[in-house]
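# Close look at the chain arrangement
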Amino acid sequence: MSRRQAKGDYIETDSGNKVSRKAMLQGTQNIMLGGKAVIQPEVMIRGDLVRTAPSSSSSGGPANSTAVAIGRYCFLARGALLRPPGRIYKGTFTYMPLRMGDHVFVGQSTVVQAATVGNYVHIGRDCTIGEFAIIKDCVRILDGTIVPPHMVIPSFSIVAGQPARLIGELPEGGSLEDFELRDLYKSVGNNPQPPPP
Amino acid sequence: MSSSSKRQSIAPSSGPKPPVNFSSSLTIPKDASLTGHHSITILAETVIHPRARIDSAQGSVLIGRRCVIQERAQLGAAPGDRTSLSSTGGITLGDYVIVEAGATIEPGGTEVSEGTFVQVGSTIGRGAKVGKNCTITPKSVVRPGEVLPDNTVVFSNGQRRTDRRRVIDVRKVALLKQINVTRKMIRSDPDKFR
């Protein structure tokens, strides 16, 4: 019996996203991937939980139904869950979009229900990011952290604990290279390349 | 192309199909998983999210009115956990119970009473009795057999205090609004489980 040509474990899109075939993406039309994102197996993204309340009238454009937007070079490790947060807004319940910047790493089995995650953020494994948390740029969240709902984490912080507390600061002017996920991006996919020495 | 090379479903392999007793106003998507051989009863206006897992292998499961069971929640024994089949007993969830993503409720006569909020990734141990309007914060553990009085908050992995905010009625109204919005977003397919 002739075997069908072996398919890779990942679907690679034109914009360089690598999405595992075993990822569970709900409501894909409402998920925006910024390009070069890696979505590992068993990741779940709830794009079906879209905003129902009209957004602030200033935009005035067509209804934007993006539920989850993630930037370039994001890395969602195995079993991560991205879930738009929901709350009562002007008397009705609505989900709100979850926005993630570039070079965001989300560790294994972490649940993210934040409102905003900035650029160059490292979230460890088995974390919980509570609803409507706001994480600014260049933040490191250590493994097992429980970020409570509505917490705002300033730039260059290191947080840990249950519930999360600020435990340190990243050195100002330190290199962003520690957060760069380009090499990690290249090391997965259908033709993974070994990391540079 | 022969059927053997067909793409395998990534849905968890279903064990025995349990007898179900569904309310007509239930929302349950087809990629939820119901297994076991005792009965599973789900009452009116409850919303089950995709990939929630309910297992009745060790006893019947009763889910009350207006509950929300989120994705990856595990009610009943985890797949592969067949160590304690001898100790049987089911799970009873009261009305207005929220079980968030990745939370586990172990079987064995476990009871979770009305208005309790089981948050992300927490665990309710075997045979525990959780009172009304409790909050189990993320990744907390309620030990097997433990009895929590009404309005208890479990936080910081083990600390307890009593919730005196008196927000029970507000919480119920908010949950009802959440259910009414969410049930429109999830395509319900209860016939798959019958």
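Definitions and limits used
Residues numbered from 1 in each chain as written. Chains lettered and ligands numbered in written order. Predicted model: local features only at pLDDT ≥ 70, side-chain atom pairs only at ≥ 80, totals over all residues. Heavy atoms only, no water. Helix = DSSP H or I, 4+ residues; strand = E, 2+ residues; numbered from the N terminus. Buried < 20%, exposed > 50% of the residue type's maximum accessible area, 1.4 Å probe, protein only. Contact = heavy atoms within 4.5 Å. Areas by Shrake-Rupley, 256 points an atom, 1.4 Å probe, with all protein chains shown as cover. Expected span 1.5 Å × (residues − 1). Buried area = accessible area lost by both parts, 1.4 Å probe. Salt bridge = Lys/Arg side-chain N within 4 Å of Asp/Glu carboxyl O. Polar contact = N/O pair within 3.5 Å; in protein donor to acceptor, adjacent residues only side chain to side chain. Nonpolar A, V, L, I, M, F, W, Y, C, P; charged D, E, K, R; others polar. Pairing = 2+ DSSP bridges. Patch = residues over 30% accessible without salt bridge, like charges linked within 9 Å, V, L, I, M, F, W, Y side chains within 5 Å. Lys, Arg positive; Asp, Glu negative; His and termini not counted. Charge placed at Lys NZ, Arg CZ, Asp CG, Glu CD. Disulfide = S-S within 2.5 Å. pLDDT = per-residue confidence, 0-100.

With that settled, consider the overall build of chain A. What chain A contains, in helices and strands, is one helix and 23 strands. Across the 197 residues in chain A, those meeting the buried criterion constitute 50%. If you take every contact in chain A between residues at least 6 apart in sequence, the share linking residues at least 24 apart comes to 38%. For chain A, the computed accessible surface area is about 9,500 Å², with 50% contributed by carbon and sulfur atoms.

Residue and element names in this part refer to chain A. Residue Pro 163 is reached from Gln 162 by a cis peptide bond, and omega for that bond is 5°. Within the fold, Pro 163 resides in the loop between β22 (157-160) and β23 (165-169). The phi dihedral of Tyr 73 is positive, around 55°, even though this residue is not glycine. Relative to the elements of secondary structure, Tyr 73 occurs in the loop between β7 (68-70) and β8 (75-76). Even without being glycine, Lys 90 reaches a positive phi, approximately 50°.

Taking 1.5 Å as the rise per residue, helix α1 (residues 168-185) of chain B with 18 residues should run 26 Å; its terminal C-alpha atoms sit 26 Å apart, in good agreement. Contacts made by the buried residues of α1(B) are with β11 (92-95) of chain A together with β4 (47-48), β7 (68-69) and β10 (98-99) of chain B.

With that settled, consider the interface of chain B and chain A. Opposite the 28 residues of chain B that make contact, chain A presents 31 residues. Contact between chain B and chain A buries roughly 2,300 Å² in total, counting both sides, with carbon and sulfur atoms accounting for 56%. When the buried area of chain B at its contact with chain A is split by residue, Arg72(B), Lys139(B) and Met185(B) rank highest and sum to 26% of it. In this assembly, chain B and chain A are joined by two salt bridges. With a closest N to O distance of 2.7 Å, Arg46(A) and Glu71(B) form a salt bridge. The interface formed by chain B and chain A holds 10 residue pairs in polar contact (both at pLDDT 80 or more) in total. Residues belonging to the side of chain B that touches chain A are distributed by class as follows: 10 nonpolar, 10 polar and eight charged.

Our focus in this paragraph is the sheet that holds β22(A). Spatially, the nine strands line up as an open sheet ordered β1-β2-β5-β8-β13-β16-β19-β22-β23 (chain A), and their pairing is mixed. Each edge of the sheet is formed by a strand with only one pairing partner; in this case those strands are β1 (10-12) and β23 of chain A.

Turning next to the side chain of Glu146(B). Residues and elements named next belong to chain B. In this structure, Glu 146 sits in the loop between β17 (141-142) and β18 (147-148). Its relative accessible area of 13% is what places Glu 146 among the buried residues. Only 2.9 Å separates the side chain of Glu 146 from the backbone nitrogen of Arg 143, close enough to count as a polar contact. Once residues within four sequence positions are removed from consideration, Glu 146 is found in contact with Ala 128, Lys 129 and Arg 160.

Residues and elements named next belong to chain B. Together, Lys 17, Lys 30, Arg 187 and Lys 192 make up a positively charged patch on the protein surface. Along the chain, Arg 187 falls in the segment after α1. Taking relative accessible area as the criterion, Arg 187 reaches 74% and is therefore assigned exposed.

All names here are of chain B. Bridge count for strand β19 (residues 152-155) against strand β20 (residues 159-162) is four bridges, and the pairing is antiparallel. Its bridge partner being in β20, Thr 152 is matched across the sheet by Thr 162. Adjacent in sequence and paired antiparallel, β19 and β20 are bridged by three residues, among which Ser 156 carries a positive phi angle near 45°.

Residue and element names in this part refer to chain A. This structure, assessed with the given rule, holds zero disulfides over all chains. Cys 138 takes part in no disulfide bond, and the closest cysteine sulfur, belonging to Cys 74, lies 14 Å away. Under the relative-accessibility criterion, Cys 138 is labelled buried at 7%.

With that settled, consider the pattern of salt bridges. Counted by the stated rule, this structure contains 13 salt bridges over all chains. Note that Glu114(B) and Lys172(B) form a salt bridge whose closest N and O atoms lie 2.6 Å from each other. Here Glu114(B) is found in the loop between β12 (110-112) and β13 (117-118), whereas its partner Lys172(B) is found in helix α1, with 58 residues between them in sequence. Judged by relative accessible area, Lys172(B) falls into the partly exposed class, the value being 22%. In the salt-bridge network here, residues are joined through shared partners; they are Arg46(A), Asp48(A), Arg83(A) and Glu71(B).

So, on to the confidence of the model for chain B. Residue and element names in this part refer to chain B. Confidence along chain B averages 87 in pLDDT terms, with 88% of residues attaining 70 or more. Mean pLDDT across the elements of chain B ranges from a minimum in strand β2 (residues 33-36), with 90, to a maximum in β10, with 96. When the criterion is pLDDT under 50, residues 1-5 qualifies, and its contacts beyond four places in sequence or with other chains add up to five contacts. Taken over the whole predicted complex, pTM reads 0.88, whereas the ipTM for its chain interfaces reads 0.86.

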